Amino acid sequence: MKLTYTNVNGYLIPNLTYKSGEQMEQLGKYGFLRRDYLKNHRNSMYQVMLLQDTIGEHLMEVDKAAREREEVILKQLEEKEPLPDKEKDQMERVRAANQHRAIAEEIILKELIYITMKQNLSGSEKSADYPYQI
């Protein structure tokens, strides 16, 4: 691989690119929340994943899992507590839907976003030689 450099005030800076940058553009809400959590609370893990160019794949996996989990939780909540009829009381329906969404988000944040990486998304332990990947 041939590297190219940019001259900045007499210093040669390598023009490095990483494939995770393309994946970052496709991230959703939960992927960005996970990235912010890693940056602010697990910075060494974030830096290792960034250097090994696995951060984009990890964040995409978390984002996808979170969106799928949100759908499941919302269906379960609606089965347990059905939303009121829209024709009778629209404001009550909106309130109940917002409450369901808040409950689902809180569960997702606790289960998938703010975890310490000791377990992967399926709940099984990761090997000791690669402990920072979900």
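What you are looking at is a predicted structure, and each value in this text was computed from that prediction instead of being measured.

Draft legend 1. Region of the structure containing the packing of helix α4 (residues 55–80) against helix α5 (residues 90–113). Contact geometry for α4 and α5: axes closest at 9 Å, N-to-C directions at 140°. Taken together, the axes of α4 and α5 are oblique relative to one another. As for how α4 packs across α5, the hand of that crossing is right-handed. Here α4 contributes Val-62, Ala-65, Ala-66, Arg-69, Glu-70, Ile-73, Leu-74, Leu-77 and Glu-78 to the contact with α5, which in turn contributes His-100, Arg-101, Ile-103, Ala-104, Ile-107, Ile-108, Glu-111, Leu-112 and Ile-113. Residues that form the contact of α4 with α5 fall into these classes: twelve nonpolar, one polar and five charged.

Draft legend 2. Representation of the side chain of His-100 in the model. Note on placement: His-100 falls in helix α5. If near-sequence neighbours (up to four positions away) are discounted, His-100 is found in contact with Leu-74, Leu-77, Glu-78, Glu-81 and Leu-83.

Draft legend 3. Here's a closer look at the nonpolar core. Judged by nonpolar contacts, Tyr-30, Val-62, Ala-65, Ala-66, Ile-73, Leu-77, Ala-104, Ile-108, Leu-109, Leu-112 and Ile-113 together constitute the single largest core of eleven residues. Sorting the residues of this core by element identifies α4 and α5 as the ones contributing at least two each. Residues Met-24, Met-45, Ile-55 and Leu-59 belong to the second largest nonpolar core, which totals nine residues.

Draft legend 4. Fine view of the packing of aromatic side chains. Inspection of the entire model under this criterion finds one aromatic pair. Seen from their ring centres, Tyr-37 and Tyr-114 are 5.3 Å apart, and the 55° between their planes marks the pair as tilted. A residue pair is termed long-range when its members are at least 10 positions apart, and Tyr-37 in helix α2 (residues 29–41) and Tyr-114 in the segment after α5 qualify at 77 residues. Classification of Tyr-37 by relative accessible area gives buried; the value is 11%. Overall, the relative accessible area of 41% leaves Tyr-114 in the partly exposed class.

Draft legend 5. Quick look at the pairing of strand β1 (residues 5–8). Taken together, the four bridges between β1 and strand β2 (residues 11–14) define a ladder with antiparallel strand orientation. Directly across from Asn-7, in β2, lies its bridge partner Leu-12.

Draft legend 6. View of the pattern of salt bridges. Counting across every chain of the model gives five salt bridges. With its nearest N and O atoms 2.8 Å apart, the salt bridge here joins Glu-105 to Lys-29. In this pair, Glu-105 is assigned in helix α5 and Lys-29 in helix α2, connecting sequence segments 76 residues apart. Here Glu-105 falls in the partly exposed class, since its relative accessible area comes to 24%. We classify Lys-29 as partly exposed; its relative accessible area is 45%.

Thresholds applied
Residues numbered from 1 in each chain as written. Predicted model: local features only at pLDDT ≥ 70, side-chain atom pairs only at ≥ 80, totals over all residues. Heavy atoms only, no water. Axes fitted to C-alpha atoms, helices over the stretch in contact; angles between N-to-C directions. Helix = DSSP H or I, 4+ residues; strand = E, 2+ residues; numbered from the N terminus. Parallel < 35°, antiparallel > 145°, perpendicular 65-115°, else oblique. Left-handed = near helix turned anticlockwise from the far one by under 90°. Contact = heavy atoms within 4.5 Å. Nonpolar A, V, L, I, M, F, W, Y, C, P; charged D, E, K, R; others polar. Core = buried A, V, L, I, M, F, W, Y, C linked by side-chain atoms within 4.5 Å. Buried < 20%, exposed > 50% of the residue type's maximum accessible area, 1.4 Å probe, protein only. Phe/Tyr/Trp six-rings, centres within 6.5 Å; stacked < 30°, edge-to-face > 60°. Pairing = 2+ DSSP bridges. Salt bridge = Lys/Arg side-chain N within 4 Å of Asp/Glu carboxyl O.

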